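Remarks on the overall topology
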Amino acid sequence: MNQAAPKRAGNTPAVTADQVVFVTLLVTPIALTLRDLHYYSLGPGGRIRDPLHATLSPGRPLGLLFGFLGLFLFLFMWLYPMRKRIPILRKIGGLGTWLRIHVIVGSALPLLVAVHAGWRFHGLIGLGYAAMVLVSLSGIVGRYLYTRIPRHRNGVELTRDEVEGERRTLLTRIAAQTGLDPTEVERALFVEPARAGRLGPIQVLARLLADDIAQRRALGEIRRRWSMPRPGAPAPDPKALREALRLARRQIALDQQMRMLDATHRLFGYWHVAHLPVAITALIAVLVHVVVAVIVGGVKIG
Ligand code: HEM
C-alpha cells in the first residue's frame, strides 16, 4: 500500500451547511408539534377553548408564520424546474446546488405546512396536502434514480466516453494507492452482474437496490484483502487505504451504473411523467387555498 496521504482527506467539514439547514427545517416543526401536542390532539371545539388557539390556529401568529414560510418555500421549489428550462436562469448557480436545495426544502415542506394547518387536513387543501406529501415522497425515489446516472459535479450527465475516461483514471489512482497492477485492481473490483434482460420498472428498482447490496459486500471483501500486509511489505497506511477504498467504491458504482444506464434512464423518464402532474396539482391547490384565505378568510395582507 502506497504511503502517500490523500490530499482531500480532512477537508470535509464534520457538519455541512446543508445538514444544518435540513435538520433545522425538520426539527423546528417536530419540536413545536411535540411541545403543543395536547392542543393538536384536541377536536375543533376543544381547540377554540384552548389558550394556545390564539397563537397556533392557522390564521393566528405562529400558524400564519408557518403558512407564509410554507408558501414561500413551496413557490421556491419551482425555481429548480425553471432553472432547468429557462436559458437565462442557467447562469445562476450550478444545477447540482439547485437540486440539493430543492431536495432539502421539499423534504421538510410537508412538516412545515402541517404545523400551519394544525395537523388537520380537509377539503381541497387536504387534497393539495396529500399531493404535496406524495410528490415529496416520490422525490425520494427520483433522487435515488438521479444519483444512479453518472454526472459531473454541476449535475450535467457524463457521456459514455467521459465515464470510460474516469474509469481509467480511477484504476490508475487505485493502482498507485495500493501498489497493485491496474489489471489486478480491475479484476478485484469486478462485481458479477445479475442476469440481464428487459426489466419492468419495479424490477429495475429492485436490481438497483440489489446492486447497492452487492457493492457493499464487494467493498467489505476488498477492504479485508487490502488491509492485510503483503509478504515482506509494511502494514498498509490507513489513510491511503481509506482513499483507495473511496476510489474503489466510485469505480464499482460507475460499472454498475453503466450496466443499468438505459434501464435507469427509462425508469427516470416514467418518474418525471408522474412527478410533474402531482406537483402541479399541489401547486393549484395551494394557490386556490391562499386566494380563498385572503378573500374569504381572516388573512390580512398589508
Ligand atoms: C413539495 C415538494 C416537491 C415539489 C412541489 C417538487 C416539484 C418538482 C418539480 C416540478 C420537478 C420538475 C419535474 C420535471 O422537470 O419534470 C421536480 C424534480 C425533481 N425533484 Fe422534486 N418536488 C418536491 C419534493 C422533492 C423531494 C422531497 C425530492 C427528493 C427527496 C425531490 C427530488 C426531485 C428530483 C430528483 C427531481 C428531478 C431532477 C432532474 O431530473 O433534474 N423533489 N420536483
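Residues numbered from 1 in each chain as written. Predicted model: local features only at pLDDT ≥ 70, side-chain atom pairs only at ≥ 80, totals over all residues. Heavy atoms only, no water.

1. Focus on the domain arrangement of the chain
Here is the rule: Delimitation of the domains relies on an automatic or database domain assignment. Note on definitions: a residue-residue contact is assigned when non-hydrogen atoms from the two residues lie within 4.5 Å. For salt bridges, the criterion is a side-chain nitrogen of Lys or Arg within 4 Å of an Asp or Glu carboxyl oxygen. Polar contact is the term for a pair of N or O atoms within 3.5 Å; when the atoms are in protein, one must be able to donate a hydrogen and the other to accept it, and sequence-neighboring residues count only if both atoms are side-chain atoms. Counting from the N terminus, the helices are DSSP H or I runs at least four residues long and the strands are E runs at least two residues long. We call Asp, Glu, Lys and Arg charged. Ala, Val, Leu, Ile, Met, Phe, Trp, Tyr, Cys and Pro are nonpolar, and the rest, Gly among them, are polar.
Taken domain by domain, the chain consists of domain 1 (17-152 + 267-295) and domain 2 (172-259). Centre-to-centre, using C-alpha coordinates, domain 1 lies 38 Å away from domain 2. Contact residues are listed per partner, giving 10 residues for domain 1 and 10 residues for domain 2. Linking domain 1 with domain 2 are one salt bridge. Between Asp212 and Arg148 there is a salt bridge; the shortest N-O distance is 2.8 Å. Summed over the shared surface of domain 1 and domain 2, the number is four residue pairs in polar contact (both at pLDDT 80 or more). Where the side of domain 1 that touches domain 2 is concerned, the elements lending two or more residues are helix H8 (123-147) and helix H13 (261-295). Examining the composition of the side of domain 1 that touches domain 2, we find that four residues originate from one element, H8, more than from any other. Among the residues forming the side of domain 1 that touches domain 2, the class breakdown is seven nonpolar, one polar and two charged.

2. What to know about the packing of helix H1 (residues 17-35) against helix H7 (residues 95-116)
Quick note on the threshold: Note on definitions: angles span 0 to 180 degrees between N-to-C directions of axes, and those axes are lines fitted to C-alpha atoms, for helices only across the stretch in contact. Angle categories are assigned with fixed cut-offs, so that under 35 degrees is roughly parallel, over 145 is roughly antiparallel, 65 to 115 is roughly perpendicular, and the rest are oblique.
Contact pair H1 / H7: the axes reach a minimum separation of 9 Å and the direction vectors enclose 10 degrees. Viewed along their axes, H1 and H7 adopt a mutual orientation that is roughly parallel. Where H1 abuts H7, its residues Asp18, Val21, Phe22, Leu25, Leu26, Pro29, Ile30 and Thr33 lie against Arg100, Ile104, Val105, Ser107, Ala108, Leu111, Leu112 and Val115. Here the contact of H1 with H7 is composed, by residue class, of 12 nonpolar, two polar and two charged.

3. Some points on the site of the ligand
The condition that has to hold: The near set for a molecule or strand comprises every residue that places at least one heavy atom within 4 Å of it.
Residues in contact with the ligand amount to 27 residues; listed here are only the nearest, Tyr80, Arg85, His102, His272 and His275. Within the contact set of the ligand, an oxygen atom lies 2.8 Å away from a side-chain nitrogen or oxygen of Arg85. One of the side-chain nitrogen or oxygen atoms of His272 is found 2.8 Å away from an oxygen atom of the ligand. Elements supplying a minimum of two residues to the shell around the ligand: helix H5 (61-77), helix H6 (79-85), H7, H8 and H13. Element by element, the count of residues in the shell around the ligand is highest for H8, at eight residues. Looking at the shell around the ligand, its residues break down into 16 nonpolar, eight polar and three charged.

4. Focus: the nonpolar core
The cut-off we apply is this: Throughout this description, the term nonpolar core refers to a set of buried Ala, Val, Leu, Ile, Met, Phe, Trp, Tyr and Cys residues connected via side-chain atoms within 4.5 Å. A simple rule labels every residue: compare its accessible area, found with a 1.4 Å probe on the protein chains alone, to the largest value its type can have, and call it buried under 20%, exposed over 50%, or partly exposed in between.
In terms of nonpolar packing, the biggest core is built from 39 residues, with Leu145, Ile174, Val185, Leu189, Val204, Trp226 and Ile252 touching the most fellow members. Residue assignment for this core shows that the elements contributing at least two residues are H7, H8, helix H9 (160-178), helix H11 (201-227), helix H12 (238-259) and H13. Counting residues per element, this core draws most heavily on H12, at eight residues. Counting contributing residues per domain, this core is built from domain 1 (17-152 + 267-295) and domain 2 (172-259), each supplying no fewer than three. Core analysis: the next-biggest nonpolar cluster, separate from the first, contains 26 residues, Tyr40, Val105, Ala114 and Ala282 among them.

5. Details of the environment of Phe22
Position of Phe22 among the secondary structure elements: in helix H1. Separated by 164 residues in the primary sequence, Phe22 and Glu186 have C-alpha atoms spaced 38 Å apart. When neighbours within four sequence positions are excluded, Phe22 is seen to be in contact with Ile104 and Ser107.

6. Structural notes on the packing of aromatic side chains
What counts here: Centre distance within 6.5 Å is the pairing criterion for rings of Phe, Tyr and Trp, where only the six-membered ring of Trp is used; planes under 30 degrees apart are then read as stacked, over 60 as edge-to-face, and the remainder as tilted.
Scanning all chains against the criterion turns up seven aromatic pairs. Taken together, a centroid distance of 6.4 Å and an interplanar angle of 75 degrees make the contact between Phe74 and Trp78 edge-to-face. We note that Phe74, like Trp78, is buried. Summarising the aromatic geometry, the rings of Tyr146 and Phe268 are spaced 6.3 Å apart at their centres and angled 70 degrees between planes, so their arrangement reads as edge-to-face.

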